[in-house]
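These are the residues of each chain, in order.
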Amino acid sequence: METLNWTSKSANDMKRTCLYACLAALTMLAACGTNTSGDPLVVKTEAGTIHGFMDEEIYAFAGIPYCKAERFMPPQKADAWKGVLECTKYPPRSMQQMRPIENDPLGLSEEGATRLNVWTSDVNGKMPVMVWLHGGGFSSGAGYNNPNDSGRGLARQGVVVVSVNHRLNILGFLDLSACGEEYKYSGNVGMLDIVAALEWVRDNISAFGGDPSNVTVFGESGGGCKVGTLMCMPSAKGLFHKAAILSGTLLNGNKAEQTSRLGMKTLEKLGVVPSGVSKLNDIPYDQLVQAGYEASRELTGIRRPGTANFWGFGPTMDGEILVQQPFQPSFSELSKDIPLLIGSTFNELQRTYYVEQPSVNEACGILRQTYGDKTDDYIAAFKKAYPEFDTPADWLSVDQMFRPNTVATADARADEHAAPVYTYMFAWKSPVEGGRMGAAHAYELPFVFHTTEVSQQYLGEETDEIRALADKMSGAWVSFAKTGKPVVDGFDWKPYSSKGGDIMYFGKECSLRQDFDRDLVTIMQNK
């Protein structure tokens, strides 16, 4: 029996290789979509048999190929393999639009890194599936970066978790459609990779104990943008049934004329004419990225993290793959039946003032630069919304970007469609670094993934308070995946309404609040 070793094996795995190989031979006779090997770590997928590992008590399968990807071309089915493919090490990141991470435990980033990871507690079950789309905008990140991203904490609660690597930045979103029909979809291949991953889930996840008819896509920041983008893509319709968007309501689509102009400017920077576009296949990645950066800077300027609009290399609204701008303010009719869970954090990417602790006069002076004669109204609205955070530092440090967009999106979605919308606010402030970060962007993720025990860098030492909040938040996301309704013990969390709907407030003390910050958000929206 041939064993493929694209990853290394642990010592315990080595001891059991012979047994797995024999069992894997039996799975070759089994139909795809079922697990009949008798060993939960040996699973037959559509393309071939894989061998996973134990992530504590959870069965994990890392780096499964879900498609193959040639430069600037739509994804194709993954090639089949013989023997057993070792899926025991998390895969390298897709090529990043940044310098490589020094001593990256995942290894060097690689092109075409279209691989996914699966965590499950029962390969013979029929459990809801949660597909995680990572943050990092459309230019960086990975489905698994470190132990904080492990799906085991969710899998313990009776769901199958999938995380996805896909093509990013210039390899995922360089619009070369002006160069001919062959490149028609090049500006959206990064999102088409995600569609291919969802197709893989549809065709294979039952072999891992998942129910392909009950799939939730969820993502934070850029991952939330990707979820919103899927909700506007005809090719994704029917591949997922619920959606959760965490801090991801920035306008992220580009108009076709913008992306085409950027594509042609990039070719110009590389000295390539449209008729010779195939030369791009031989140009080193670093040169591609540099040319794309220079082209983007020349056409649109430099995008700063946290700016409300997106430009550069991201999805293109071509009317076919992506039919409209997500979050403007809602989504396509394609997703009208998709229940939505959406929210943000108290501080997000806002510059905080918790170290400086400005005086009232200093804070008012800073606020007047933005709100002018509405500054007193702003402070009064803040005090009404957040009486527990009534300090000048908080007035200045509260998120003023994601929250207004999230409210606008939730309002439009709730008013347009019958599918329920559930909204939340994460306001648990981290004590790390003297509380400098507050309830920062992405700090809710260890609570959602229930990985707080390995998140000391962000949260400090795990306490009873942290564990209790993780139980509530992770449980809410899991119940949403299972039934379409998030459940938090002790609360009757009802669907959101623009006329005064429930907002679940996750903080030191959890509570249900009704449209609690509408006045403050309205001032922010009209600044």
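Residues numbered from 1 in each chain as written. Predicted model: local features only at pLDDT ≥ 70, side-chain atom pairs only at ≥ 80, totals over all residues. Heavy atoms only, no water.

### Description of the sheet that holds strand β9 (residues 160–164)
Strand order in the open sheet formed by 11 strands is β4-β5-β7-β9-β8-β10-β11-β14-β15-β16-β17, with mixed pairing between adjacent strands. In the strand order of this sheet, the two ends are held by β4 (53–55) and β17 (511–514), each with one partner. Neighbour to neighbour, the strand axes of the sheet diverge by 25° on average, direction disregarded. Bridging between strand β16 (residues 502–506) and β17 involves four bridges; their strand directions are antiparallel. Residue M504 lies in a different strand from β17, and its bridge partner there is L512. Where helix α5 (residues 189–204) meets the sheet, its contacts fall on β5 (58–65), β7 (115–120), β8 (127–133), β9 and β10 (210–220), and the angle it forms with β10 comes to roughly 150°. (Pairing = 2+ DSSP bridges. Helix = DSSP H or I, 4+ residues; strand = E, 2+ residues; numbered from the N terminus. Axes fitted to C-alpha atoms, helices over the stretch in contact; angles between N-to-C directions. Contact = heavy atoms within 4.5 Å.)

### Details of the packing of helix α9 (residues 360–371) against helix α10 (residues 375–385)
For the pair α9 and α10, the least separation of the axes is 9 Å and the interaxial angle reads 110°. Viewed along their axes, α9 and α10 adopt a mutual orientation that is roughly perpendicular. Crossing geometry of α9 relative to α10 is assigned as right-handed. Between α9 and α10, the residues in contact are C364, L367, R368 and Y371 and T375, Y378 and I379, respectively. Within the contact of α9 with α10, the residues separate by chemical class into five nonpolar, one polar and one charged. (Parallel < 35°, antiparallel > 145°, perpendicular 65-115°, else oblique. Left-handed = near helix turned anticlockwise from the far one by under 90°. Nonpolar A, V, L, I, M, F, W, Y, C, P; charged D, E, K, R; others polar.)

### Describing the side chain of S332
Take S332: it is sitting in the loop between β13 (316–317) and β14 (340–345). For S332, the side chain forms a polar contact with the main-chain nitrogen of L334, separated by 3.0 Å. Those residues in contact with S332 that lie beyond four places of it in its chain are M231, C232, V323, Q324 and R413. (Polar contact = N/O pair within 3.5 Å; in protein donor to acceptor, adjacent residues only side chain to side chain.)

### Observations regarding helix α12 (residues 402–416)
Given a rise of 1.5 Å per residue, 15 residues ought to cover 21 Å, and the 21 Å separating the end C-alpha atoms of α12 matches this to within 8%. Those residues of α12 not exposed but buried are F402, R403, P404, T406, V407, T409, A410, D411, A412, R413 and A414. Tucked inside the fold, the buried residues of α12 contact β14, β15 (421–426), β16 and α17 (518–525). (Expected span 1.5 Å × (residues − 1). Buried < 20%, exposed > 50% of the residue type's maximum accessible area, 1.4 Å probe, protein only.)

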